[in-house]
Amino acid sequence: MEEHNLLVGERMRKLVELEAAGVDPYPTGFKVRHLAADLHQEYAVLPEEGDGAPEVAIAGRLMSLRHHGKVAFAHLQDDSGRIQIYLAHDALGTQLYDFCKRLLDVGDYLGVEGSLFRTRTGELTVRARTVRLLTKSLRPLPEKWHGLTDIETRFRQRYLDLIVNRQVADAFRKRSRLIAGMRRFLESRGFLEVETPMMQPMAGGAIARPFVTHHNALDIKLYLRIAPELYLKRLVVGGFDRVFEINRNFRNEGISTQHNPEFTMLEFYQAYADYQDLMALTEEMLASLAKEITGDQRVTYQGQQISFAPPWPKLTLEESLVKLAGLDAEALKAEAGIRETARRFGVHILPGWGKGKVLAELFDTLVESKLIQPTFIVDFPTELSPLAKAKPGEPTVVQRFELFVGGMEIANAYSELNDPREQRARFLDQLRQRDQGDLEAHGLDEDYLRALEYGMPPTAGEGIGIDRLAMLLTDSPSIRDVILFPLLKPAQGEQGGTDAV
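Quantities reported herein were computed from a predicted structural model and do not represent experimental measurements.

Peer 1: Explanation requested: the sheet that holds strand E8 (residues 212-215) in the structure shown.
Peer 2: By definition, the strands of a sheet pair up through backbone hydrogen bonds, in either a parallel or an antiparallel sense. Here we have three strands laid out as an open sheet, ordered E7-E9-E8, and antiparallel in their pairing. The strands lining the two open edges of the sheet, one partner per strand, are strand E7 (199-200) and E8. Pairing of E8 with strand E9 (residues 220-224) involves four bridges; the strand directions are antiparallel. From the neighbouring strand, histidine 214 faces E9, where its bridge partner is lysine 221.

Peer 1: Looking at this structure, I do not really get the domain arrangement of the protein. What am I missing?
Peer 2: Interface size is commonly expressed as the accessible surface area that is lost when the partners come together. Parsing the protein into structural domains produces domain 1 (1-141) and domain 2 (163-313 + 373-481). Computed from C-alpha coordinates alone, the two centres of domain 1 and domain 2 are separated by 47 Å. Contacts between the two partners involve eight residues from domain 1, matched on the other side by four residues from domain 2. The junction of domain 1 with domain 2 conceals about 450 Å² of combined surface from both sides, 46% of it contributed by carbon and sulfur atoms.

Peer 1: Looking at this model, I keep getting lost on the nonpolar core. Mind explaining?
Peer 2: Nonpolar side chains in soluble globular proteins tend to end up buried together. In terms of nonpolar packing, the biggest core is built from 46 residues, with Phe268, Phe308 and Ile464 touching the most fellow members. In terms of residue count, helix H9 (residues 275-294) provides more of this core than any other element does, ten residues in total. Among all residues touching phenylalanine 268, those that are not within four sequence positions of it are Leu186, Phe191, Val243, Phe244, Leu278, Leu281, Met285, Ala460, Gly461, Glu462 and Ile464. Of all hydrophobic cores here, the second largest spans 37 residues; its members include Ile338, Leu366, Leu387 and Ala388.

Peer 1: Looking at this structure, I do not really get the pattern of salt bridges. What am I missing?
Peer 2: Two side chains bearing opposite charge may form a pair once their charged atoms approach each other closely. The full count for this structure, using the stated rule, is 36 salt bridges. The salt bridge involving aspartate 161 is made with arginine 158; its shortest N-O contact spans 2.7 Å. Within this pair, aspartate 161 and its partner arginine 158 are both found in helix H6 (residues 158-164), separated by three residues, close to a single helical turn. Of the two residues, aspartate 161 and arginine 158, both sit in the buried class. One salt bridge in this structure joins aspartate 429 and arginine 432, with 3.6 Å as the shortest N-O distance. Of the two residues, aspartate 429 and arginine 432 are both situated in helix H13 (residues 420-435); the distance of three residues between them amounts to about one turn of the helix. Connected via shared salt-bridge partners are Glu10, Arg13, Glu17, Asp98 and Arg102.

Peer 1: Can you walk me through the UniProt feature "binding site: Mg(2+) 1" (unreviewed entry) in the protein in this structure?
Peer 2: What UniProt calls "binding site: Mg(2+) 1" (unreviewed entry) maps, in this numbering, to Glu402 and Glu409. Turning to its location among the elements, glutamate 402 is positioned in strand E17 (residues 394-405). For glutamate 402, a relative accessible area of 8% puts it in the buried group. In this view, glutamate 402 contacts Thr375, Phe376, Ile377, Phe380, Glu409, Ala411 and Asn412; residues no more than four positions away in its chain are not counted. Along the polypeptide, glutamate 409 turns up in strand E18 (residues 408-415). Ignoring sequence-local partners within four residues, the contact set of glutamate 409 consists of Glu368, Glu402, Leu403, Phe404 and Arg468.

Peer 1: Quick question: what am I supposed to make of the pairing of strand E13 (residues 304-307) here?
Peer 2: The side chains of a regular strand alternate, residue by residue, between the two faces of the sheet. Judged from the four bridges that link them, strand E12 (residues 298-301) and E13 form a sheet pairing that is antiparallel. Within E13, the residue paired with threonine 300 across the bridge is glutamine 305. Hairpin connection between E12 and E13: a loop of two residues separates the two successive antiparallel strands, and glutamine 302 in this loop has a positive phi of roughly 50°.

Peer 1: Any chance you could explain unusual backbone geometry here in plain terms?
Peer 2: Working note: non-glycine residues mostly have negative phi, and peptide bonds are mostly trans. The omega torsion of the bond from proline 310 to proline 311 falls at -5°, within 30 degrees of zero and hence cis. Secondary-structure assignment places proline 311 in the loop between E13 and strand E14 (314-316). Of note in the backbone geometry, tyrosine 272 takes a positive phi value of approximately 65° without being a glycine. Mapping tyrosine 272 onto the fold places it in the loop between strand E11 (262-271) and H9. You will see that glutamine 302, though not glycine, has its phi angle at about 50°, which is positive.

Peer 1: Would you mind showing me how to read the UniProt feature "binding site: Mg(2+) 2" (unreviewed entry) in the protein here?
Peer 2: Under the feature "binding site: Mg(2+) 2" (unreviewed entry), the UniProt entry names Glu409. Judged by its relative accessible area of 25%, glutamate 409 is partly exposed.

Peer 1: Explain helix H10 (residues 317-325) to me, please; I cannot follow it from the model alone.
Peer 2: The α-helix advances 3.6 residues per turn, and as a result positions three or four apart in sequence lie on the same side. Taken together, the buried positions of H10 are Leu317, Ser320, Leu321 and Ala325. One face of H10 carries all of its buried residues, which in axial projection span an arc of 100°. Contacts from the buried residues of H10 go to E14, helix H12 (355-366) and strand E15 (375-381). In the stretch just after H10, glycine 326 is the one whose phi turns positive, near 75°.

Scoring rules and cut-offs
The residue numbers shown here count from 1 along each chain, following its written sequence. At least 70 in pLDDT is required for a residue's local features to be given in this predicted model, at least 80 for side-chain atom pairs to be given and counted, and no such filter applies to totals for whole chains, interfaces and linings, which use all residues. Only heavy atoms go into the side-chain values, all of them from the structure, while hydrogens and water stay out. For two strands to pair, DSSP has to find at least two bridges joining them. Numbered from the N terminus, helices here are DSSP runs of H or I no shorter than four residues, and strands are runs of E no shorter than two. An automatic or database domain assignment is the source of the domain bounds shown. The criterion used for residue contact is that any of the two residues' heavy atoms lie within 4.5 Å. Buried area: the sum, over both parts, of the accessible surface (1.4 Å probe) that disappears when the two are put together. The set of buried Ala, Val, Leu, Ile, Met, Phe, Trp, Tyr and Cys residues whose side-chain atoms join them within 4.5 Å is what this entry labels a nonpolar core. In this scheme, a residue with accessible area under 20% of its type's maximum is buried, one over 50% is exposed, and one in between is partly exposed, where area comes from a 1.4 Å probe on protein chains only. We count a salt bridge whenever a side-chain nitrogen from Lys or Arg sits within 4 Å of a carboxyl oxygen from Asp or Glu. UniProt positions are given in the numbering used here, feature names are shortened, and annotations may be inferred rather than shown by experiment. By definition, the arc is the one covered by directions from the helix axis to the C-beta atoms.

Shown next, in the form of C-alpha cells:
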C-alpha cells in the first residue's frame, strides 16, 4: 500500500508539472483515423522499410513503455487491440522526446500520429512523429500491468478488469453479438420487439420473490418485475401475434455462480403455436447462434464438449428421474412414495409441499447437473406452472419444457393458458399457497384476467436466460463473468456506489 501511495504521489507531481508548463492533461478530443486491429489486418504484409510508408493517427491507453537511450518502444491499446509505438529522439525532437520520457506513465491515454513500418522482429509498429497526452492516469495499473487475478477486485473494479484482461473484454463482445443475433433471428421471423414496465403494481409471470419499492407521488407499492410475461401476453391479446423483449428482471433471491438478483432474459410469444413449435424454434436459434458466436455448433464448456446440433433429446420430468437418477418409477406415482424417495436420498422438503414440488426438488438435486448436452425436460406438474395449459386428458401435467445445457437451466417455455376461468382458479390456488407462507406465489391479477376474457389466441411463450447462455458460449464458470457489474456485498468501509444493494 505504501508503494502504491508513492506511485500515485509521483503521478500527481507529474500532473502539477504538466499544468505548470501549460499542458492540459485532459484536453478535448483527438481525430482518430485508424484502429489497431484494422492496421494489423490491412498491413499484414507490410515490408520492413521503404518509401511511401502509410501515415496513421491512432489513440489509446499506454500499456507498456521501455526506454533505450534516445529511443523507446511502447504499446498502445485501443478498443480493438494493441499496436507498438516507436518513439525516437531524432523524429520527435528534444523537447517532445524529453516530455515522453519524463512525464508519461503506463495507463495514460495518448494520441499518436506517424508512419507504419515493421521492426526486424516483424512487429507492425507506428514510428511516432507527434505524441499528444489525452488523459493523465493517476493510478498505476495492477501487478506491473501483466494481469489482474483477484476475483473480488475484478468484479468490483470491472473497468480495471477490462483494461488488463483482454479475454474478459472479448467475452463481453461475444455477449453483445449474442444479443444482436437473437434480435436478428426473431425479427427475420416476423417478431416485433417491444418494451414493457420494469416497475409493476403486481409481481407476476414467474414463481419468484420480488423486490419491493414505493412510488412517493402516487403513494403506491411497486414491484421490480420478476418477468415481463403478463404484459407481453396482453400485447398478444391486443393483436401483436409475435412479440419479444430483451429484458432485465429482478428476483430477491440468492447469489451463486448461476444466479444474480438482476439478470437478462429474452422472452418471446408466438400466437397459434404450442410448446412443441417452440422446441423446434429453440433448436434452430441456439444452434445458429452457437455457430455465429464461436464458429461451430460444438463448444467447449469447462472441459466438456457440448454440441448444439439438432435434434436434442426430450425426457419427461419423471423419465429423467428414472433414467438419470435411478429412481423407482413406481415410487414416483404416489405422493407417499415420492416423499420416502426424497428422505432416502437426503433431499430436503417442507411439509406443505405437494407432489409436484417434491418432484421438482428431486430433479434439481439429482438430475439437473447431469444434463450437459442440450436436453428438453417436458411435461411438468400443474402446481409448478400456474400460467401453462394442461395436456389434453392429463390435468395434473402441463404443456411445458425446460431446456438444460451444461448442467444449467437455459430456457423455460409452455403453451399458454388462455382460458380465463381456469386461470382464475389457478390464481386463487396461488393465493392460498401465499397465505400459507409461500413468498414466491402469484397474486390475483384482475386486469390480466380481464384481458384473457377478451380472448387470447392459442399462444406459446418462452424465456431464455441470456446470462447463462453467454456463460456457455464464452466458457465462463460464473454468471458474474458475463455480467459487467454483478451485485456484490459492499466492501468494508464502502457505502453506496455500484457495490451497494
